[in-house]
Amino acid sequence: MPNKEKTNQEHGQLLLEWNFNEYAQPERGLSWYIIAGVFFVGMIVYAILSRNFLFVLILILLAFIIVFHSRKAPMKVELKIFEDGVQVGSRFYEWRDLKSFRIVYEPPEVKRLYFDLRPFLLPDFSVPLEDQNPLKVREILKRYLPEDLTKEYETLLDRLNRWFKI
């Protein structure tokens, strides 16, 4: 929880802060690994039969990445909301760089805060709300950003990652 008196000379008063894992680490049982293994073997067989050896190489690399990634613990990232903008980890976004925000809150599965960036070349991003009160987060952000009420659901990519436990 932030200290109301806490300030940062560069970014103004700290309004709210919390920590979250850089990525979700879903519980994957033995059946997930069996299904994924059968899928990858099937795709590799298909790629070999169609003589698409580059696809075989990509599938093998993808399998190694998934296994390696699942064994590595996610790092903790800190989100801080200041008077002058939002800091996620070491990256600071001024309010003028952010177009809007939205909160998707459907506990216990979905509790995310989405930020839409102004420059088209930069990807929008989201962070988990963890145990933060979404009403308090919304109240603070509405002082500086418009809320995008047209998007009510999590992104397709977030939904697929959650469903397939990637």
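Residues numbered from 1 in each chain as written. Predicted model: local features only at pLDDT ≥ 70, side-chain atom pairs only at ≥ 80, totals over all residues. Heavy atoms only, no water.

### Here's the deal with the pairing of strand β8 (residues 125-128)
Here is step 1 of the chain: Burial along β8 is two-sided: Phe125 and Val127 facing one way and Ser126 and Pro128 facing the other are all buried.
Here is step 2 of the chain: Looking at chain direction, strand β7 (residues 110-117) and β8 are connected through 4 bridges and run antiparallel. Counted as the bridge partner of Tyr114 is Ser126 from β8. (Buried < 20%, exposed > 50% of the residue type's maximum accessible area, 1.4 Å probe, protein only. Helix = DSSP H or I, 4+ residues; strand = E, 2+ residues; numbered from the N terminus. Pairing = 2+ DSSP bridges.)

### Thoughts on the nonpolar core
Soluble globular proteins tend to bury their nonpolar side chains together.
Here is step 1 of the chain: The biggest cluster of nonpolar side chains holds 24 residues, and the ones touching the most others in it are Trp18, Ile81, Val88, Leu98, Leu113 and Phe115.
Here is step 2 of the chain: Tallying contributions element by element places strand β2 (residues 12-21) first for this core, with 4 residues. (Core = buried A, V, L, I, M, F, W, Y, C linked by side-chain atoms within 4.5 Å.)

### Points about the side chain of Ser126
Here is step 1 of the chain: With respect to the secondary-structure elements, Ser126 resides in strand β8.
Here is step 2 of the chain: There is a polar contact of 3.0 Å between the side chain of Ser126 and the side chain of Arg112.
Here is step 3 of the chain: Beyond its immediate stretch of four places on either side in the chain, Ser126 contacts Arg112, Leu113, Tyr114 and Asp158. (Polar contact = N/O pair within 3.5 Å; in protein donor to acceptor, adjacent residues only side chain to side chain. Contact = heavy atoms within 4.5 Å.)

### Topic: the environment of Leu14
Here is step 1 of the chain: Looking at the secondary structure, you find Leu14 in strand β2.
Here is step 2 of the chain: Owing to a relative accessible area of 2%, Leu14 belongs among the buried residues under this scheme.

### Topic: the packing of helix α1 (residues 30-49) against helix α2 (residues 53-71)
Here is step 1 of the chain: Look at α1 against α2: their axes get within 9 Å of each other, and the N-to-C directions meet at 165°. Classified by the angle their axes make, α1 and α2 are roughly antiparallel. Note that α1 runs across α2; the crossing there is left-handed. When α1 is examined against α2, the residues Trp32, Tyr33, Phe40, Met43, Ile44, Ala47 and Ile48 are found in contact with a partner set consisting of Phe55, Val56, Leu59, Ile60, Leu62, Ala63, Ile66 and Ser70. (Axes fitted to C-alpha atoms, helices over the stretch in contact; angles between N-to-C directions. Parallel < 35°, antiparallel > 145°, perpendicular 65-115°, else oblique. Left-handed = near helix turned anticlockwise from the far one by under 90°.)

### Thoughts on the pairing of strand β4 (residues 85-88)
Here is step 1 of the chain: Side chains of β4 alternate between two faces, with Gly85 and Gln87 and Val86 and Val88 buried alike.
Here is step 2 of the chain: With 3 bridges connecting them, strand β3 (residues 76-82) and β4 associate as antiparallel partners. Residue pairing in the sheet places Ile81 in a bridge with Val86 of β4.
Here is step 3 of the chain: Where β3 folds back onto β4 in an antiparallel hairpin, the turn is made up of 2 residues.

### Some remarks on the pattern of salt bridges
Here is step 1 of the chain: Tallying each qualifying case throughout the model produces 9 salt bridges.
Here is step 2 of the chain: Note that Asp116 and Arg102 form a salt bridge whose closest N and O atoms lie 3.7 Å from each other. Residue Asp116 is found in strand β7, and its partner Arg102 is found in strand β6 (residues 98-106); the two are separated by 14 residues along the sequence. Grouping residues by exposure puts Asp116 and Arg102 together as buried.
Here is step 3 of the chain: With a closest N to O distance of 4.0 Å, Glu139 and Arg143 form a salt bridge.
Here is step 4 of the chain: Judged by relative accessible area, Glu139 falls into the exposed class, the value being 52%.
Here is step 5 of the chain: Overlapping salt bridges, with partners in common, bring together Arg102, Asp116, Asp148 and Lys151 in one network. (Salt bridge = Lys/Arg side-chain N within 4 Å of Asp/Glu carboxyl O.)

### Here's the deal with the confidence of the model for the chain
Here is step 1 of the chain: Per-residue pLDDT for the chain averages 87, and the proportion of residues at 70 or more is 93%.
Here is step 2 of the chain: Taken element by element, the chain is modelled with least confidence in strand β1 (residues 7-8), mean pLDDT 59, and with most confidence in helix α3 (residues 134-141), mean pLDDT 96.
Here is step 3 of the chain: Counted against residues more than four places away or in other chains, residues 1-5, with its pLDDT under 50, gives 9 contacts. (pLDDT = per-residue confidence, 0-100.)

### Regarding the packing of aromatic side chains
The geometry of an aromatic ring pair is captured by the separation of the ring centres together with the interplanar angle, meaning the angle of the planes.
Here is step 1 of the chain: Per the counting criterion, the structure on display carries 6 aromatic pairs.
Here is step 2 of the chain: Seen from their ring centres, Trp32 and Tyr33 are 5.0 Å apart, and the 85° between their planes marks the pair as edge-to-face.
Here is step 3 of the chain: Judged by relative accessible area, Trp32 falls into the buried class, the value being 18%.
Here is step 4 of the chain: Taking relative accessible area as the criterion, Tyr33 reaches 37% and is therefore assigned partly exposed.
Here is step 5 of the chain: Taken together, the aromatic side chains of Tyr93, Phe115 and Phe125 make up a single cluster linked through ring pairs.
Here is step 6 of the chain: The ring of Trp32 is capped by Arg28, whose NZ or CZ atom sits 4.5 Å from the centre of that ring. (Phe/Tyr/Trp six-rings, centres within 6.5 Å; stacked < 30°, edge-to-face > 60°. Lys NZ or Arg CZ within 6 Å of the ring centre and 35° of its normal.)

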